[in-house]
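What follows is the residue order along each chain.
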Amino acid sequence: MKTGIVYLVGAGPGDPGLITKKGYQCIEKADVIVYDRLASPRLLTAAKPDAELIYVGKSPDRHAMKQHEINQLLVDKARAGLVVTRLKGGDPFVFGRGGEEAETLVENNIKFEVVPGITSAVAVPAYAGIPVTHRDATSNFAVITGNEDPTKEGSNIAWDKIATGIGTLVFLMGMGNLHLICEKLMQYGRPADTPVALVRWGTRPEQRTLVGTLEDIAEKAKQAEFKNPAVIVVGEVVNLREKLSWFEKKPLYGKRVLVTRSREQASILSRRIEELGGEPWEFPTIRVAEPEDYGPLDKALNQLSSYRWVVFTSVNGVKLFFKRLRTLNKDVRELYGVKICAIGPKTREALENYGLLVDYVPGEYRAEQIITGLEGKVQPGDRVLLPRADIARKILPQALAEMGAQVEDVVTYRTVLSTGNAGELKEMLERKELHVLTFTSSSTVRNFVELLAADNLNELLEGVTVASIGPITSSTAKELGVKVTVEAEEYTIEGLVDAILKSNI
Ligand code: SAH
């Protein structure tokens, strides 16, 4: 029988980019992933489709699984011969009870490895613009549990020593005891005006920072209802934040942006949102599928050199065109002598990846513009192939036909409704956890509305920025009762992002 293994993996503090390569590989290869609240749920998208995902953290409607139950779970799954990835927030051996889990594994003769992670104790202050050490402020720092009642007899924490003996103090799990922690430090000689920062949900879009002093931070936190999970940073380094704050200054800081494009196409937009400090939330409303009947496409592919022009209108069109060409045991040489038009820069790029130069790209990326551009280039009698989606608009083939061309509009792929977790999406909209919705085509809006199936759409979208890639998408949205707040000037992903940035969300 296959022997199992457990990887104790640090998932980092929340920003999914802050995981190690090795940790990420452990997610990819796991049969079972055991995770808790502090590990970014976005990392789970890297799991194998059939991996078992087990949540063991606390949630409002469920009790957390007890530590001995988690230990047992790891043992049982590994004994069953499975690859188990135990994903823990930050670093697994910094207050993560990873040590206890490892001990259990040793006692049960289970193979295991530890993959360290970036601890919140250092990364969260960094995202708030606070270096835990600085030559001018301090040359040491300590990470301390804030979970222990500071008034307890025989405390494990030497309050008298840390109060003045260490420059920067980082407390984890300390919000419940904040008041007592501050008291204790002052009692043992740390000046009352020592700066303190609280950073909640650090490195995530929800990151919030509150600054005060040992004397007043507890009261301020109470006023602001500042809760866990937060890191408490005590020391002069906190003052550097004024100068070094960077994450909280990013243009999309604090914004969660819904990406409705198909899974294959989402990444460009998602990456851009991340770069700007926002959190992309991928919820593909469309899925690209093969044509129901390959007959017409195969016929066209078998006589490619008989066309004067091939007009590609999307990246999907390009990809599926060449995929099918390959299936038919043919390659780009079939396009010898054929002129190529691409509707936008991304489509052009996709064609260039196949080693093809594009003869014409219109200045504006709409069917209407292509038509004007092709006038004079397409001659009466020319055969023009349009390898497109099943639901593409008819305006382009009609106009080409009016120029006297013989147009063949051939279904190369289908755009179908994707089946995402619409319930979760609805809940996020109800809780106002989505700040921007992006729509990159009419079908993304149509399917979004269909999947949501909400009778209170207006209410759900109240206060939410709705961004559309162009007028056609906007008018579909309007028809369906979705109020568009911003529209791209240039009908590209970049244009869409620019419009969001200009909208002052
Ligand atoms: N192993 C983890 C710590 C687990 S203890 C690590 O190395 O980071 C849990 C505590 O970590 C929380 O109570 C909080 O104090 C801190 N924490 C973890 N992630 C955090 C985040 N994103 N923002 C603020 N605090 C965080």
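Definitions and limits used
- Residues numbered from 1 in each chain as written.
- Predicted model: local features only at pLDDT ≥ 70, side-chain atom pairs only at ≥ 80, totals over all residues.
- Heavy atoms only, no water.
- Helix = DSSP H or I, 4+ residues; strand = E, 2+ residues; numbered from the N terminus.
- Buried < 20%, exposed > 50% of the residue type's maximum accessible area, 1.4 Å probe, protein only.
- Contact = heavy atoms within 4.5 Å.
- Areas by Shrake-Rupley, 256 points an atom, 1.4 Å probe, with all protein chains shown as cover.
- Lys, Arg positive; Asp, Glu negative; His and termini not counted.
- Charge placed at Lys NZ, Arg CZ, Asp CG, Glu CD.
- Phe/Tyr/Trp six-rings, centres within 6.5 Å; stacked < 30°, edge-to-face > 60°.
- Lys NZ or Arg CZ within 6 Å of the ring centre and 35° of its normal.
- Axes fitted to C-alpha atoms, helices over the stretch in contact; angles between N-to-C directions.
- Parallel < 35°, antiparallel > 145°, perpendicular 65-115°, else oblique.
- Left-handed = near helix turned anticlockwise from the far one by under 90°.
- Pairing = 2+ DSSP bridges.
- Near = heavy atom within 4 Å.
- Polar contact = N/O pair within 3.5 Å; in protein donor to acceptor, adjacent residues only side chain to side chain.
- Domains from an automatic or database assignment.
- Buried area = accessible area lost by both parts, 1.4 Å probe.
- Salt bridge = Lys/Arg side-chain N within 4 Å of Asp/Glu carboxyl O.
- Nonpolar A, V, L, I, M, F, W, Y, C, P; charged D, E, K, R; others polar.
- Core = buried A, V, L, I, M, F, W, Y, C linked by side-chain atoms within 4.5 Å.
- Patch = residues over 30% accessible without salt bridge, like charges linked within 9 Å, V, L, I, M, F, W, Y side chains within 5 Å.
- Arc of directions from axis to C-beta.

Participant: Describe the overall build of the chain, listing the residues and the values that go with them.
Facilitator: When helices and strands are counted, the chain shows 19 helices and 20 strands. Taking the principal axes of the C-alpha coordinates as reference, the chain spans close to 95 × 60 × 50 Å. When each of the 505 residues of the chain is scored for burial, the buried share is 53%. Excluding contacts between residues fewer than 6 apart, the proportion of contacts in the chain whose partners are at least 24 apart in sequence is 68%. Put simply, the chain shows about 24300 Å² of open surface, and 49% of that area lies on carbon and sulfur atoms. One finds the centroid of the 63 positive side-chain charges in the chain at a distance of 3 Å from the centroid of its 66 negative side-chain charges.

Participant: Any details on the packing of aromatic side chains? Residues and values, ideally.
Facilitator: Applying the stated criterion across every chain yields a total of 11 aromatic pairs. The rings of Tyr-127, Trp-246, Phe-247 and Tyr-253 are connected pair by pair, giving a single aromatic cluster. A cation over a ring is seen here: Lys-377 above Tyr-360, with NZ or CZ 4.4 Å from the ring centre.

Participant: Describe helix α16 (residues 442-452), naming the residues involved and giving the relevant values.
Facilitator: Burial analysis of α16 places nine of its 11 residues in the buried class, the great majority of the element. Where α16 is concerned, the buried positions are Ser-442, Ser-443, Thr-444, Val-445, Asn-447, Phe-448, Val-449, Leu-451 and Leu-452. Just beyond α16, the residue with positive phi is Ala-453, at close to 40°.

Participant: Hey, could you go over the packing of helix α2 (residues 67-79) against helix α3 (residues 98-107) for me, with residue numbers and the actual values?
Facilitator: In the contact formed by α2 and α3, the axes pass within 10 Å of each other and the chain directions differ by 45°. Viewed along their axes, α2 and α3 adopt a mutual orientation that is oblique. Here α2 and α3 pass one another in a crossing that is right-handed. Contact residues: α2 offers Gln-67, Ile-70, Asn-71, Leu-74 and Val-75, while α3 offers Glu-100, Glu-101, Thr-104 and Leu-105.

Participant: How would you sum up the sheet that holds strand β1 (residues 5-10)? Please name residues and give values.
Facilitator: If you walk across this open sheet you meet the five strands as β3-β2-β4-β1-β5, and the pairing is parallel. Single-partner strands in this sheet number two, and they are β3 (52-55) and β5 (111-115). Ignoring which end each strand starts from, the neighbouring axes of this sheet average 15° apart. Where β1 meets strand β4 (residues 83-88), six bridges bridge the pair, whose relative direction is parallel. Of the residues in β4, the one forming a bridge with Val-6 is Val-84.

Participant: Describe the site of the ligand, listing the residues and the values that go with them.
Facilitator: Taken together, 19 residues lie around the ligand, and Val-94, Thr-119, Ser-120, Gly-202 and Ala-230 are the ones closest in. The backbone of Val-94 places a nitrogen or oxygen atom 2.7 Å from a nitrogen atom of the ligand. Within the backbone of Met-173, an N or O atom sits 2.8 Å from an oxygen atom of the ligand. Burial of the ligand by the protein amounts to 94% of the accessible area it has alone, namely 550 Å². Of all the secondary-structure elements, those providing two or more residues to the shell around the ligand are α4 (120-127) and β10 (230-234). Counting contributing residues per domain, the shell around the ligand is built from domain 1 (5-118) and domain 2 (122-248), each supplying no fewer than three.

Participant: Just give me the short version of the sheet that holds strand β12 (residues 279-282), but keep the residues and values in it.
Facilitator: A sheet is described by the order of its strands in space; here five strands give the open sequence β12-β11-β18-β19-β20, paired in parallel fashion. Because the sheet does not close on itself, it has two edges, and the strands there are β12 and β20 (486-487). Looking at chain direction, strand β11 (residues 256-259) and β12 are connected through four bridges and run parallel. Bridge pairing in β12 places Val-257 opposite Pro-280.

Participant: Could you give an account of the domain arrangement of the chain, with specific residues and numbers?
Facilitator: We note that the domain assignment places domain 1 (5-118), domain 2 (122-248), domain 3 (256-285 + 419-502) and domain 4 (289-417) within the chain. Together domain 3 and domain 4 conceal approximately 1100 Å² of surface at their shared face, both sides included; 65% is due to carbon and sulfur atoms. On the domain 3 side of the interface with domain 4, the three residues burying the most area are Gln-265, Ile-472 and Tyr-491, jointly 42% of the side's total. Here domain 3 and domain 4 share zero salt bridges between them. Looking at the side of domain 3 that touches domain 4, the elements that each hand over two or more residues are α9 (263-275), α16 and α18 (471-479). If one sorts the elements of the side of domain 3 that touches domain 4 by residue count, α16 sits on top with four residues. Its residues assigned to classes, the side of domain 3 that touches domain 4 comprises five nonpolar, six polar and two charged.

Participant: Break down the nonpolar core for me, with residues and values.
Facilitator: Generally speaking, soluble globular proteins have nonpolar side chains that are buried together. In this structure, Phe-171, Leu-178, Leu-185, Leu-198 and Ile-232 are the most contacted members of the largest nonpolar core, which totals 24 residues. Elements with a contribution of two residues or more to this core: β6 (141-145), α5 (159-165), β7 (168-172), α6 (178-187), β8 (195-200), α7 (217-223) and β10. Dropping the residues within four chain positions of it, Ile-232 is found in contact with Leu-169, Val-170, Phe-171, Gly-174, Met-175, Leu-178, Ile-181, Val-196, Ala-197 and Leu-198. One finds Leu-297, Leu-325, Leu-335 and Ile-340 within the second-largest nonpolar core, a separate group that totals 23 residues.

Participant: Explain a negative patch on the surface to me, and be specific about the residues and the numbers.
Facilitator: Negative charge collects at one region of the surface, where Asp-193, Glu-215, Asp-216, Glu-219 and Glu-236 lie side by side. Tracing the sequence through the fold places Asp-193 in the loop between α6 and β8. Looking at Asp-193, the relative accessible area reads 57%, which means it is exposed.

Participant: Explain helix α12 (residues 345-352) to me, using residue names and the numbers behind them.
Facilitator: All of the buried residues along α12 are Thr-347, Ala-350 and Leu-351. The buried side chains of α12 occupy one side of the element, clustering within an arc of 100° when seen end-on.

Participant: I'd like to hear about the side chain of Asp-36, residue by residue, with values.
Facilitator: Residue position: Asp-36 is located in the loop between β2 (32-35) and β3. Using a relative accessible area of 17% as the deciding quantity, one classes Asp-36 as buried. Among the polar contacts made by the side chain of Asp-36, one reaches the side chain of Arg-86 at a distance of 3.2 Å. Filtering out sequence-adjacent residues up to four positions away, Asp-36 remains in contact with Tyr-55, Val-56, Gly-57, Arg-86, Leu-87, Lys-88 and Gly-89.

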